There are 2 protein chains.
Amino acid sequence: MNTRQYDLIIIGAGPAGLTAAIYAGRALLNTLLLERTLPGGQLNETDYVENFPGFEEKIAGPQLMGQMKRQAERFGVKIEIAAVTAIAAEGESLSVTSDRGTYFTRTIIVATGTRPRELVAAGAAKFKGRGLSYCATCDGYFFRNKDVLEVGAGDAGLTAALFLSKLVKSVGIVVRHPQHDPNALRAAPLLRQRAEENPKVYFVWNKVITEVLGETHLKAVKLQDLATGKEEIMTTDGVFVNIGHIPATDFLRGTLALDESGYIITDDKLQTNIPGVFAAGDIRSWANRYAQAVVAASDGAVAAIEVEKYLANRR
Amino acid sequence: MNTRQYDLIIIGAGPAGLTAAIYAGRALLNTLLLERTLPGGQLNETDYVENFPGFEEKIAGPQLMGQMKRQAERFGVKIEIAAVTAIAAEGESLSVTSDRGTYFTRTIIVATGTRPRELVAAGAAKFKGRGLSYCATCDGYFFRNKDVLEVGAGDAGLTAALFLSKLVKSVGIVVRHPQHDPNALRAAPLLRQRAEENPKVYFVWNKVITEVLGETHLKAVKLQDLATGKEEIMTTDGVFVNIGHIPATDFLRGTLALDESGYIITDDKLQTNIPGVFAAGDIRSWANRYAQAVVAASDGAVAAIEVEKYLANRR
C-alpha cells in the first residue's frame, strides 16, 4: 500500500497522456503516469507518421512516442507500468487501484484511448501497418494510385472509401451481405449514393475476407463467398478496416458517466462527472471522431491546464 | 484577377493554418495558404518551445514553424504572401479578397489567430521573449526560483500569478489603481483571495511600468507612482503580461458571426455561420482560452478533416 499522495495521476501513455504529463511536469505538479504496457499508445503500432505537425519528414510512430515519453520525464514525471483496475472518490480524496497496488491523488486524467475493432482474418495482425490499416486519414496518402479494399459498410467505412477514392486507383467495399439485403449497408443514404456514383468505388457483395496474404507486405486477400462457401484469391495493394472503435473504459463502469458507446462524458474543460477527474484523447467521443494523435495531444494539454487551475483553487 | 478555383483557401499560417494545410495536402485538396507576413504566427516571436509534444529537447519557435511550413509544402500546398481584406459568399461559391487580388474557392479555413494586448512601456518590444512574456503557461518554467512581476489585474493576470507562484521565488502584481479602489482588481473574488493568501504573491499598488530595462535580457523595470508621479527602478528577473488578446477578425465583421469579444463562433465541427467556411485555432475563443500551439494545431487538423467531408458530400 502506497500512501503517498500525488497532485495528479494520469492513466494511459498515448499522445494524450504523455502531453498531459509534459504540461503537468512543467507546472511542477507531482505527477505519476500509469501505463498498462509500453508507453506510446496506438502509434507504437504505426510504421510512419507524416501528419504530426512539426515533423518535416516522416517519423516512425514508436520514435515519436519515445521522444514524447522522454520529454515528459525531463520535467520530472514518473512513469510506472501498472494495469489500473478501478478509480474511486471519497470526498476530495481520489484513489487509483492497479495490479501494482493503490495510489492516492488529488486529481486524475483518464487517457486510456480506444483500440480499433480488428479484422477477424488469418494474417490480419501480421500485416497491420504493412498494407492493412485502420485509419484512412492517416495512411491513405501512402496508397496513391493503388488498388485497395475497404472493410466497413457503416458511415465510417463509406466515409473512408470516399476519402480514399480521391487518392487511390480503385477501392472495393467488401460487404458481408447480398446486394439486395436492406441491411447490407448501415451507412447514411447520402453516403451510399455518393459511393455508388463514384467511378473509383465498387462493391464486393456477400463476401468476407478470411485471410490476408503477402510476404513482408500485404499483396492479396482470400475472399469467401457467403452464398456458396467458395474461396478465391484477390490481389490488392491494401486493406482498410473501419468497423468501429472500442473505448478502454470497462474499469470505469459504475464510477464515471459514460455515453451509450462507452466513451467518457466531459464538459468543455474536459472534467468528468467527478470533480477533479478529467478525461483526454480518444476516450472522449468528440476526439475519437477524428482519432488523430495531434487532437489527442491537444486534449492532454487542455486537461493538464485545467487540472492546474482546479488545484490552484483548492490550495 | 485570378479566376482559378481552389478546393480550400486557408487564411493564416500559424500552427492552426499550417496543420490544416498538412492535412488538406495529404487529402490532395487543391489548397492555397495566404499569410500576411511571415509563416509561423506567434511562435515566430518565441525564443524556445519546450511543451510542443514530440520535441524532446527545446526547439526555437521559428525553427518549429519552418518545419511545419515545409511539411505542408511537401504535400503540395501553395503558400502566398497576401493580406486578406474580406471574404464573401455567393451561394456555394466563396471568394477571398486580398491586396494581391481576389481568389475563388469552395471552402475557407480562417486561422488568423490573436495577438496579445501589449504592454505599453519603453523597451517592451525589445525584451519580448527575453524576460518579457505574454504566456505564463509557456514560459513560467524558465523562471524557476526567480523574482518576477505580473501585469494584469483581471482573471487572466491573477491566474497567471497563481500559476507562477508555484515556480518562482516571488511574483509582484503591478496594479494601476490604489489598494482601496473598488475597481483595482477586476479578477473574481476567489482569485483575489487566493492571491492575497499566497505567501509568494504580493501587490504593487497604484503604479505602472513605464520602461523595461536590461542589456540582452530584462533586468529591471521603471515604475511610476500614479499618486506622486515619481519614478523608481525595481530589479526583477522577468515580467509577465496578461491584459487580454486581440482576435484578428476586423476584416470579417459583417460577414462571419463573431462573439462579443470578436472571436469567430463555430459549431463542434468548427464550421461558422457560412456553410463551407471554417475557423481554427486561437481565433475561436475556446482555443484562445488555452492559447497553446498544440491546441491550435489540433483545431487545424479537425477543420481540414471537416472540409474534406464537406467537399465529399458535394462532389
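Being a predicted model, the structure only gives us computed values, none of them experimental. (Residues numbered from 1 in each chain as written. Chains lettered and ligands numbered in written order. Predicted model: local features only at pLDDT ≥ 70, side-chain atom pairs only at ≥ 80, totals over all residues. Heavy atoms only, no water.)

**Examining the relation of the copies chain B and chain A**
- The transform that puts chain B on chain A rotates by 180° and translates by 0.0 Å along the axis, for an RMSD of 0.0 Å. Each copy turns onto its partner about a two-fold axis. Residue Ser298(B), judged by its C-alpha, is the member of chain B lying nearest the rotation axis, at 3.0 Å.
- Most of the interface of chain B is mirrored in chain A: 98% of its interface residues are interface residues there too. (Least-squares fit on C-alpha atoms with pLDDT ≥ 70 in both. Contact = heavy atoms within 4.5 Å.)

**So, the side chain of Thr236(A)**
Residue and element names in this part refer to chain A.
- With respect to the helices, strands and loops of the structure, Thr236 is situated in the loop between strand E16 (231–235) and strand E17 (238–241).
- Reaching out from Thr236, the side chain makes a polar contact with the backbone oxygen of Gly238 at a distance of 3.2 Å.
- Sequence-distant contacts of Thr236, defined by excluding residues within four places in its chain, comprise Asp147, Val148, Leu149, Leu218, Lys219, Ala220 and Val221. (Helix = DSSP H or I, 4+ residues; strand = E, 2+ residues; numbered from the N terminus. Polar contact = N/O pair within 3.5 Å; in protein donor to acceptor, adjacent residues only side chain to side chain.)

**Structural notes on the packing of aromatic side chains**
- Summed over all chains, the structure comprises 14 aromatic pairs over all chains.
- When the centroid spacing of 4.9 Å and the interplanar angle of 15° are considered together, the rings of Phe203(A) and Trp205(A) count as stacked.
- Taking 6.1 Å as the distance between ring centres and 85° as the angle between the ring planes, the aromatic pair formed by Phe278(B) and Tyr310(B) counts as edge-to-face. Residue Phe278(B) is located in strand E19 (residues 277–279), and its partner Tyr310(B) is located in helix H7 (residues 293–312); the two are separated by 32 residues in the primary sequence. One exposure class covers both Phe278(B) and Tyr310(B), and it is buried.
- Of the aromatic side chains, those joined through ring pairs into one cluster are Phe52(A), Phe55(A), Phe52(B) and Phe55(B).
- Sitting over the ring of Tyr310(B), Arg314(B) keeps its end group 3.8 Å from the ring centre. (Phe/Tyr/Trp six-rings, centres within 6.5 Å; stacked < 30°, edge-to-face > 60°. Buried < 20%, exposed > 50% of the residue type's maximum accessible area, 1.4 Å probe, protein only. Lys NZ or Arg CZ within 6 Å of the ring centre and 35° of its normal.)

**Considerations on unusual backbone geometry**
Residue and element names in this part refer to chain A.
- In this structure, Leu270 takes a positive phi of about 65° despite not being glycine.
- Although it is not a glycine, Ala291 sits at a positive phi angle of roughly 50°.
- Relative to the elements of secondary structure, Ala291 occurs in the loop between helix H7 (285–290) and helix H8 (293–312).

**What to know about the packing of helix H1 (residues 15–26) of chain B against H7(B)**
Residues and elements named next belong to chain B.
- Contact pair H1 / H7: the axes reach a minimum separation of 7 Å and the direction vectors enclose 40°. Considering only the axes of H1 and H7, their crossing is right-handed. Residues Pro15, Ala16, Thr19, Ala20, Tyr23 and Ala24 of H1 form the contact with H7, whose participating residues are Ala293, Ala296, Ala297, Gly300, Ala301, Ala304 and Ile305.
- In terms of residue class, the contact of H1 with H7 is made up of eleven nonpolar, two polar and no charged. (Axes fitted to C-alpha atoms, helices over the stretch in contact; angles between N-to-C directions. Left-handed = near helix turned anticlockwise from the far one by under 90°. Nonpolar A, V, L, I, M, F, W, Y, C, P; charged D, E, K, R; others polar.)

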